Amino acid sequence: MISSVQGILESRGEDWVDVAVGGVGVRAQVPSSALAEIGPIGSPVRLYTHLIVRDEAITLYGFRSAEERAAFVALLGVSGIGPRLGLVILSVLTPGTLVDAIEQGDAAALARAPGVGKRSASRIIVELKGKLDELDIAQLSAGPARPPTVADAELTAVLQSLGYTGQEIRQAVTAVSGAEADDRPPLDERVRLALAALSGLQGADTHA
């Protein structure tokens, strides 16, 4: 498996780049968003890659981050979503906004990608909602990153045992973890506060 390539940008097209790696030119298909960030010809570049082998072709797909690659692989697992459409989606949505759209059931955001109709958008939501924690991209959902604490881990474990999704757990943990460690209430009280926060969030969704 080729997990990444690093070299000098040799040439580029509408949806591909050639990278010179140790005297060998490697072509990778990339989202258009990557082309905008990849730099001019002759600049150093690193791509996180995913190789697809088929009878008619061996194609390498390249991404600017491991999270973007993980999002691409996740999309390939959805019935009816192939590599080209996956690249189109990631040309419009970042991994973080993709996570948000899926977890919030926002089919309109997904349908902004050319070629993704309402049916395809709904299928992406149904097949990936609640499953993105396994893909190391869910942490890119909106909101500033905060280092997890032991208290966060305790609360997360309880909420997982109650069957909440990763998105719901992150929202609840964020809602009740603002206090300094010495001022935090005991676990049972934090669980009560988290459940109250989730109830409020679900009520807001119902009336949206």
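Computed from a prediction, not measured in an experiment: that's the story for all the values here.

Quick notes on the rules
- Residues numbered from 1 in each chain as written.
- Predicted model: local features only at pLDDT ≥ 70, side-chain atom pairs only at ≥ 80, totals over all residues.
- Heavy atoms only, no water.
- Helix = DSSP H or I, 4+ residues; strand = E, 2+ residues; numbered from the N terminus.
- Buried < 20%, exposed > 50% of the residue type's maximum accessible area, 1.4 Å probe, protein only.
- Contact = heavy atoms within 4.5 Å.
- Areas by Shrake-Rupley, 256 points an atom, 1.4 Å probe, with all protein chains shown as cover.
- Pairing = 2+ DSSP bridges.
- Axes fitted to C-alpha atoms, helices over the stretch in contact; angles between N-to-C directions.
- Parallel < 35°, antiparallel > 145°, perpendicular 65-115°, else oblique.
- Left-handed = near helix turned anticlockwise from the far one by under 90°.
- Nonpolar A, V, L, I, M, F, W, Y, C, P; charged D, E, K, R; others polar.
- Core = buried A, V, L, I, M, F, W, Y, C linked by side-chain atoms within 4.5 Å.

Caption draft 1: Highlighting the overall build of the protein chain. A count of helices and strands for the protein chain gives nine helices and five strands. If you list the helices and strands of the protein chain from N to C, you get β-β-β-α-β-β-α-α-α-α-α-α-α-α. Within the protein chain, the proportion of its 208 residues that are buried is 37%. Considering only residue pairs separated by 6 or more positions, the protein chain has 55% of its internal contacts joining residues 24 or more positions apart. Summing over all exposed atoms, the protein chain offers an accessible surface of approximately 11,400 Å²; the carbon and sulfur share of this is 54%.

Caption draft 2: Focus on the pairing of strand β1 (residues 4–12). Where β1 lies against strand β4 (residues 44–53), five bridges are found, and the strand directions are antiparallel. Each residue of the ladder has a partner; that of Ser4, found in β4, is Tyr48. Remark: three residues form the turn of the hairpin made by β1 and strand β2 (residues 16–21), two consecutive strands paired antiparallel.

Caption draft 3: Representation of the packing of helix α2 (residues 66–76) against helix α3 (residues 83–92) within the structure. Viewed as axis vectors pointing N to C, α2 and α3 meet at an angle of 135°, and their least axial separation amounts to 9 Å. In terms of orientation, α2 and α3 fall into the oblique class. Classified by chirality, the crossing of α3 by α2 is right-handed. In contact with Glu68, Ala71, Phe72, Leu75 and Leu76 of α2, α3 contributes Pro83, Gly86, Leu87, Ile89 and Leu90. Across the contact of α2 with α3, the residue classes tally to eight nonpolar, one polar and one charged.

Caption draft 4: Inspection of the nonpolar core at higher detail. Leu75, Ile89, Leu90, Leu98, Leu110, Ile124 and Leu128 are the most contacted members of the largest nonpolar core, which totals 27 residues. Put simply, the parts of the chain that give this core at least two residues each are β5 (58–63), α2, α3, α4 (95–103), α5 (107–110) and α6 (118–128). Val17, Ala28, Leu35 and Leu60 belong to the second largest nonpolar core, which has 13 residues in total.

Caption draft 5: Here's a closer look at the pairing of β2. By the bridge criterion, four bridges tie β1 to β2 in an arrangement that is antiparallel. For Ser11, the partnering residue across the bridge sits in β2 and is Asp18. Bridge count between β2 and strand β3 (residues 24–29): six bridges; the pairing is antiparallel. Opposite Val17, over in β3, you have Ala28 as the bridge partner. The turn joining β2 and β3, which pair antiparallel and follow one another in sequence, is formed by two residues; a positive phi near 55° is taken by Gly22.

Treat this as a map of the structure, not an account of what it does.
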